[in-house]
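# Topology and contacts: notes
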Amino acid sequence: MTGALSGGRTARLAVVAVVACVAGLLPGSGSAARDQREAGLRVTYDCGLPTGTRQVEVAFDATFPTRGAVGKPIRPTAVRVRVGLVRTVVDELLPGGARSVGGTAAVATTVAQGRERARAEWAELASPDVRLPARGTVEVGFSGDVPDVTVGAEGDVTFRVGRLDLALAPGPGDTGTQPDPTARLSCAPARGADTLLATVPVGAGSAGPTAPGTGSTEPDGDTSNGTPDDGAPDSGARDDRRSDTPQGIDTGPRPAATTDKCPLEPPKGELDPKRLPSPPPGAEISELEPTSMCAVPVGFATLRKLKSSAIVNDPRGSGGGVRAGRPGLMHLAMRLREVRAPDYVEYDHLGLMQLPDAEGTFLTFGFQPTTAKVRFEPGPATIVNVIRPGKPPVTRVGYRQHLRLYDVRVNGVPLDVGPRCRTSRPVDTVLTGNYPVSEGGLLRGELDIPALAGCGTGGEDLDVLLSGAVSGPGNALKIRQGRVCGAGSPCKVPELPAL
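Residues numbered from 1 in each chain as written. Predicted model: local features only at pLDDT ≥ 70, side-chain atom pairs only at ≥ 80, totals over all residues. Heavy atoms only, no water.

## Overview of the overall build of the protein chain
For clarity, the cut-off: Counting from the N terminus, the helices are DSSP H or I runs at least four residues long and the strands are E runs at least two residues long. The rule is simple: take the accessible area with a 1.4 Å probe, protein chains only, and divide by the maximum for that residue type; under 20% is buried, over 50% is exposed, in between is partly exposed. Pairs of residues are marked as contacts when any of their non-hydrogen atoms sit within 4.5 Å. To measure how exposed things are, a 1.4 Å probe is used in the Shrake-Rupley method; for residues, cover is taken only from the protein chains shown.
Within the protein chain, the regular secondary structure consists of four helices and 29 strands. Taken over 499 residues, the protein chain has a buried fraction of 50%. Look at the contacts in the protein chain between residues 6 or more apart in sequence, and 74% of them connect residues 24 or more apart. Carbon and sulfur atoms make up 50% of the accessible area of the protein chain, which amounts to about 22700 Å² in all.

## Focus on the state of the cysteines
In protein structure, a disulfide is the covalent linkage between the sulfur atoms of two cysteines. Where we set the bar: In this description, a disulfide is simply a cysteine sulfur pair whose atoms lie within 2.5 Å.
Under the criterion given, the structure shown has four disulfides. Sulfur-sulfur distance for the disulfide between Cys 421 and Cys 455 comes to 2.0 Å. One quick way to see it: the torsion about the S-S bond of Cys 421 and Cys 455 is about 80°, and its sign makes the bridge right-handed. With a gap of 34 residues between them, Cys 421 in the loop between strand E23 (413-415) and strand E24 (422-423) and Cys 455 in the loop between strand E27 (452-453) and helix H4 (463-470) connect regions that are remote in the sequence.

## Quick look at the confidence of the model for the protein chain
For clarity, the threshold we go by: Residue-level confidence of the predictor, termed pLDDT, takes values from 0 up to 100.
Of the residues in the protein chain, 74% reach a pLDDT of 70 or more, and the chain-wide mean stands at 77. In the model of the protein chain, helix H1 (residues 7-18) stands out as the element of lowest mean pLDDT, 43, in contrast to strand E21 (residues 381-387), which has the highest, 96. With pLDDT under 50 throughout, residues 318-324 is counted as low confidence; its partners more than four residues away or in other chains account for 11 contacts.

## Structural notes on the environment of Pro 189
With respect to the element layout, Pro 189 can be found in strand E10 (residues 183-189). Overall, the relative accessible area of 14% leaves Pro 189 in the buried class. With 142 residues separating them along the chain, Pro 189 and Cys 47 place their C-alpha atoms 8.8 Å apart.

## Points about the pattern of salt bridges
Any two side chains of opposite charge can pair, on the condition that their charged atoms come close. This is how it is decided: The term salt bridge refers to a side-chain nitrogen of Lys or Arg lying within 4 Å of a carboxyl oxygen of Asp or Glu.
Scanning the model with the defined rule gives 17 salt bridges in all. In this structure, the salt-bridge partner of Asp 272 is Arg 275, at a minimum N-O distance of 3.4 Å. Assessed through its relative accessible area of 16%, Arg 275 is described here as buried. The shortest N-O distance in the salt bridge between Arg 337 and Glu 287 comes to 4.0 Å. Residue Arg 337 is located in strand E17 (residues 329-341), and its partner Glu 287 is located in strand E13 (residues 284-287); the two are separated by 50 residues in the primary sequence. Here Arg 337 falls in the buried class, since its relative accessible area comes to 10%. Each of the salt bridges in this network shares a partner with another, and the network as a whole consists of Asp 272, Arg 275, Arg 400 and Asp 428.

## Details of the packing of aromatic side chains
The geometry of an aromatic ring pair comes down to the distance between the two centres and the angle between the two planes. The following threshold applies: Classification of ring pairs rests on two measures: the distance between centres of Phe, Tyr or Trp rings, Trp counted by its six-membered ring, which must be within 6.5 Å, and the angle between planes, read as stacked under 30 degrees, edge-to-face over 60 and tilted in between.
Tallying each qualifying case throughout the model produces two aromatic pairs. The interplanar angle of 45° and the centroid separation of 6.2 Å between the aromatic rings of Tyr 45 and Phe 60 together place this pair among those described as tilted. Taken together, the residues span a long stretch of sequence, with Tyr 45 in strand E1 (residues 36-49) and Phe 60 in strand E2 (residues 52-65) at a distance of 15 residues. With 4.8 Å between their ring centres and 55° between their planes, Phe 64 and Phe 159 make a pair best called tilted.

## Notes on the side chain of Arg 480
To keep it simple, the criterion reads: N or O atoms closer than or at 3.5 Å make up a polar contact, with two conditions inside protein: a donor-capable atom paired with an acceptor-capable one, and, for residues adjacent in sequence, both atoms drawn from side chains.
Inspection of the secondary structure assignment puts Arg 480 in strand E28 (residues 472-481). At 2.9 Å, the side chain of Arg 480 and the backbone oxygen of Glu 495 are in polar contact. Residue contacts for Arg 480: discarding those within four places in its chain leaves Ala 78, Val 296, Pro 297, Val 298, Gly 441, Leu 442, Pro 494, Glu 495, Leu 496, Pro 497 and Ala 498.

## Structural notes on unusual backbone geometry
If you check the backbone angles, Ala 78 has positive phi at about 50° while not being a glycine. On the secondary structure map, Ala 78 appears in strand E4 (residues 77-86). What makes Ala 78 partly exposed here is its relative accessible area of 30%. Even without being glycine, Asp 343 reaches a positive phi, approximately 60°. By the secondary structure assignment, Asp 343 is in the loop between E17 and strand E18 (344-354).

Quick look at the structure:
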């Protein structure tokens, strides 16, 4: 098959073919992530309680396109609403003895462009159960998917937060005899509060990056604190719109990406004792019966030698293999172990990556199309989540896996790298982030890619050339773990993090 190519040229082609695959990557461009900017806002809300109105501090975080185009969806992603509740408010809302709180949130968001207004309901934002402190404030974080927005004209589009509705419930086992312990709380921005979360400039065609605005700048004549304008739209401002673009502002639903269902039984395996932190003095350690749950990890990895990045577990589900068309799952044995001490709680979980095979297409020498695939051979991951009062939670994910290269083709012609072309030792991966595992969040780490071995057939040894192209330390990983889903259910696919 390879007789028409010289040995040196064959080796060089194989080097290029493996470049984006060997780190366990799916092919893709990082440009979409670079065209996203994060927006943040803190707003004081007035909330109605049975005993009167109380003020609550709410933080909003989301990622927006840096620029939009007429007739193209503007997609807010990584939406998170963090509500600070003092313990006295929680005690007034929930039954006595509640030890944790979770629930859902809905935000009435006003989208405006010139005199046009539309309501975008950011509903079904969910929070995992959060342990309640004995006193002080608990922060409950809600996240989820929100609708796309499409506009029919050029000009700045503003996103302004408004009414906030909360449905709060105690954790399992805290409900007592109440048939429905859910407490509903309706809140509105305090008078004079700045509610502008982001501004996205929209042009006539596809666009590149400019930063979304945040702060107190008012959209044209809008002082409504998130309430849509009841006046008639400015029809004269839309004379130049084409018939195939929306009239005004469309806040249509966004289709959700799907995964396979989470398996009913938790994965088998043991925690790696070398990855577990030393317990505090006097800690109580409990071995528990784990629960089967799943999450979806997506993100980017950067190959330092090549100064390039590629997508890990593409959320568009473009990988090959048995899970073609769907992103892969991280299967979890949740709460396999628990460590408790004063001001210290540690939950230890076991995870097994089920990522699809990666497949990439490249141009070698600037013109020669080359494809290659990589298969993952992972071991179990040890996931440690440490929670201390007054400090952000810390999650650390550690695991090892071999990466196997196969099915290399140069201009459609197979290039035989053999059946044993893989990393000479497992790739040791450690990722850390500040979030509870059940809620999901951002992980960062670096890969030290070992040398490859067993590559080549017919007396042709490609190990040294392949290793020289990709092996070495300092290869950055940035992964967003989605919220966990239960056994028998598909998981929500998170958005890619900013590159």
